[in-house]
Amino acid sequence: MSSTSIISWILLGLIAGVVAKVLLPGRDPGGLVGTTVIGVAGAFIGGWLSAEFLDRPITTDFYDPALWVAAVAGSVILLIGYRLLFGHSRARH
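Just so we're clear, the structure is a prediction, and the values are computed from it rather than from any experiment. (Residues numbered from 1 in each chain as written. Predicted model: local features only at pLDDT ≥ 70, side-chain atom pairs only at ≥ 80, totals over all residues. Heavy atoms only, no water.)

**Regarding the overall build of the chain**
Within the chain one finds 3 helices and 0 strands. When the accessible surface of the chain is summed, it comes to about 6,000 Å², and 73% of that surface belongs to carbon and sulfur atoms. (Helix = DSSP H or I, 4+ residues; strand = E, 2+ residues; numbered from the N terminus. Areas by Shrake-Rupley, 256 points an atom, 1.4 Å probe, with all protein chains shown as cover.)

Structural data, given as structure tokens:
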């Protein structure tokens, strides 16, 4: 994997993480780093789910709409999972 593709995945993950947080507003793991981690992991999860269950392999084309939909969907799933697992572990003010 080239450094350009790594940067592309991080950029895609950042955008997917931001979109997921816009779709599901609330208190979540912090800031830009947390959003990027959720987004990148979500992008990988979304790509795997798409390839495994929808028989729609994700291409390496950064501008493929299916890649973006899968990344955002994976980020939303990951964010919901995070909230279910750790939503009550922090004190609420």
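Back to the write-up after that little detour.
**Quick notes on the nonpolar core**
With 10 residues, the main nonpolar core is built from Leu12, Ala16, Ala20, Ile38, Ala43, Leu67, Ala71, Val72, Val76 and Leu79. Elements supplying a minimum of two residues to this core: helix 1 (3-23), helix 2 (31-53) and helix 3 (65-86). No other element matches the 5 residues that helix 3 contributes to this core. Beyond its immediate sequence surroundings of up to four residues, Val76 is in contact with Ala20, Leu23 and Leu24. (Core = buried A, V, L, I, M, F, W, Y, C linked by side-chain atoms within 4.5 Å. Buried < 20%, exposed > 50% of the residue type's maximum accessible area, 1.4 Å probe, protein only. Contact = heavy atoms within 4.5 Å.)

**Looking at the side chain of Ser75**
With respect to the helices, strands and loops of the structure, Ser75 is situated in helix 3. Once residues within four sequence positions are removed from consideration, Ser75 is found in contact with Ala16, Gly17, Ala20, Ile38, Gly39, Gly42 and Ala43.

**Regarding helix 3**
In a regular helix each residue adds 1.5 Å, so 22 residues correspond to 32 Å; helix 3 covers 31 Å between its end C-alpha atoms and thus fits that length. Residues of helix 3 that are buried include every one of Ala66, Leu67, Ala70, Ala71, Val72, Gly74, Ser75, Val76 and Leu79, and no others. (Expected span 1.5 Å × (residues − 1).)

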